[in-house]
Amino acid sequence: MEKTYEAKTGLDVNMPRMSTGEILDRVRAESDAPAFDVWWGGTGVTHLQAAYEGLLEPSRPKQEADLLPWARNFFSLSGGKSVGLYAGALGFAYNSDLLSTARLPAPNCWKDLAKPVYRGHILSGNPHSSGTAFTTLVTLVQLLGEDEAFAYMRELDGNIMEYTKAGAEPVKAAGRGEITIGISFMHDAVTQKQAGAPLVIVAPCEGTGYEIGAVSIIKGSRNLEEARRFLDFALSPEGQATGAAAGQNQVPSNARAMLPPAAPDISMIKMVDYDFATFGSPEQRSRLLSRFDSEINPTN
């Protein structure tokens with residue numbers, strides 16, 4: 001995306017890579033004098049939190065009429081301050097070679113991952129820094145009910161070797177043969193599998209959540225008109241094609257953009273009715289993270 005936009009415009013783009021929670025913290029800290037203009041990518045619930053806190057700039061994209069319904073709905077939920085960029089389903093993947101060597105059964109459901117046989121064989125993200133992991137937390141709350149979800153996560157915690165900062169790292173580690181099972185978005189696992197990793201990708205039997213990745217303009221942007229041009233480019237078929245070109249397999253939000261051939265068919269996956277309005281609020285995020293710290297106490 002960065003290189004394509006630089007070639008198209010002749011501009012020098014500074015695009016650092018951070019986890020979603022880190023970006024939210026930075027946008028908050030720099031609200032009086034933003035160092036950046038655009039927040040591109042990452043789970044949409046975190047963009048919604050920034051929108052509700054008044055940290056984002058309203059902007060109506062030129063491609064609004066071409067966006068898929070879930071992207072237009074997200075734009076409406078944000079009060080016109082954030083736009084759906086891509087979608088992807090949550091799941092997990094296991095390294096079939098490691099699973100066979102350890103003589104472990106193949107997991108098919110969320111509940112399977114909490115079985116003692118998988119102790120020390122699982123990686124998951126830390127929901128404070130990882131939007132993927134926060135989506136996992138909220139997915140479990142919506143699937144199981146809050147108290148049962150936290151009871152499950154306490155059991156699962158005994159099997160998790162480490163809570164990673166970045167949400168894609170668990171399946172990357174599984175792909176490298178460093179861990180047996182990684183909990184991440186399924187499209188991140190597809191990317192590893194395409195690169196030759198012996199991964200089996202699982203859509204959990206109980207159902208699962210999904211993300212809407214988003215793009216937003218930061219309130220107080222010093223380059224507002226250029227930020228709007230970048231947002232329009234990011235939502236155009238040309239801009240969205242850069243994802244597939246880079247080996248990413250999310251579902252693009254522009255109906256005229258080409259779907260990556262290996263993208264998981266989210267229409268065939270059992271999904272929760274994800275409540276973005278509720279779980280995108282700062283109060284819910286803070287409350288759930290506090291409870292996670294209190295009851296799970298991740299050390300990474």
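The shown structure was predicted, so the numbers you read here are calculated from the model rather than taken from an experiment.

## Quick notes on helix α10 (residues 186-194)
Line of reasoning, step 1. Judged by how many residues are buried, α10 sits mostly within the fold: seven of nine residues are covered.
Line of reasoning, step 2. Where α10 is buried, its residues contact β3 (82-95), α9 (169-176), β6 (181-185), β7 (199-202) and β8 (210-218).
Line of reasoning, step 3. A positive phi of about 110° marks G196, the residue just after α10.

## Description of empty space enclosed by the protein
Line of reasoning, step 1. Using the criterion set out here, one finds two cavities of 30 Å³ or more in the structure.
Line of reasoning, step 2. Volume-wise, the largest cavity comes out at about 120 Å³.
Line of reasoning, step 3. In terms of lining, the largest cavity is formed by 14 residues, of which the most central are S124, T136, M153, Y163 and F292.
Line of reasoning, step 4. Elements with a minimum of two residues in the lining of the largest cavity: β4 (122-125), α7 (131-144), α8 (146-157) and β5 (160-164).
Line of reasoning, step 5. At four residues, α7 tops the list of elements feeding residues into the lining of the largest cavity.
Line of reasoning, step 6. Class assignment of the residues belonging to the lining of the largest cavity gives a composition of 11 nonpolar, three polar and no charged.
Line of reasoning, step 7. Its volume calculated, the second largest cavity comes out at about 30 Å³.

## Focus on the nonpolar core
Line of reasoning, step 1. In terms of nonpolar packing, the biggest core is built from 39 residues, with W110, L113, I122, Y152 and M153 touching the most fellow members.
Line of reasoning, step 2. Each of two domains, domain 1 (1-87 + 210-264) and domain 2 (90-208 + 284-296), supplies a minimum of three residues to this core.
Line of reasoning, step 3. Counting residues in hydrophobic clusters, the runner-up holds 17 residues, among them A71, V215, I217 and A234.

## Side note on the domain arrangement of the protein chain
Line of reasoning, step 1. Assigned domains of the protein chain: these are domain 1 (1-87 + 210-264) and domain 2 (90-208 + 284-296).
Line of reasoning, step 2. When each unit is reduced to the centre of its C-alpha atoms, the spacing between domain 1 and domain 2 is 26 Å.
Line of reasoning, step 3. Facing 18 residues of domain 1, the contacting portion of domain 2 comprises 18 residues.
Line of reasoning, step 4. When domain 1 packs against domain 2, the two sides together hide about 1400 Å² of surface, and 53% of this comes from carbon and sulfur.
Line of reasoning, step 5. The interface formed by domain 1 and domain 2 contains one salt bridge.
Line of reasoning, step 6. Of the charged contacts in the structure, one is a salt bridge between K165 and E22, with a shortest N-O distance of 3.5 Å.
Line of reasoning, step 7. For the interface between domain 1 and domain 2, the tally reads eight residue pairs in polar contact (both at pLDDT 80 or more).
Line of reasoning, step 8. Only α2 (20-29), α3 (44-52) and β8 provide two or more residues apiece to the side of domain 1 that touches domain 2.
Line of reasoning, step 9. Taken together, the residues of the side of domain 1 that touches domain 2 break down into five nonpolar, 10 polar and three charged.

Basis of the calculations
Residues numbered from 1 in each chain as written. Predicted model: local features only at pLDDT ≥ 70, side-chain atom pairs only at ≥ 80, totals over all residues. Heavy atoms only, no water. Buried < 20%, exposed > 50% of the residue type's maximum accessible area, 1.4 Å probe, protein only. Helix = DSSP H or I, 4+ residues; strand = E, 2+ residues; numbered from the N terminus. Contact = heavy atoms within 4.5 Å. 1 Å grid on protein atoms, 1.4 Å probe; cavity = no way out; pocket = protein on both sides within 12 Å on 5 of 7 lines; lining within 4 Å. Points joined across faces, edges and corners; volume = space filled by probe spheres on them. Nonpolar A, V, L, I, M, F, W, Y, C, P; charged D, E, K, R; others polar. Core = buried A, V, L, I, M, F, W, Y, C linked by side-chain atoms within 4.5 Å. Domains from an automatic or database assignment. Buried area = accessible area lost by both parts, 1.4 Å probe. Salt bridge = Lys/Arg side-chain N within 4 Å of Asp/Glu carboxyl O. Polar contact = N/O pair within 3.5 Å; in protein donor to acceptor, adjacent residues only side chain to side chain.

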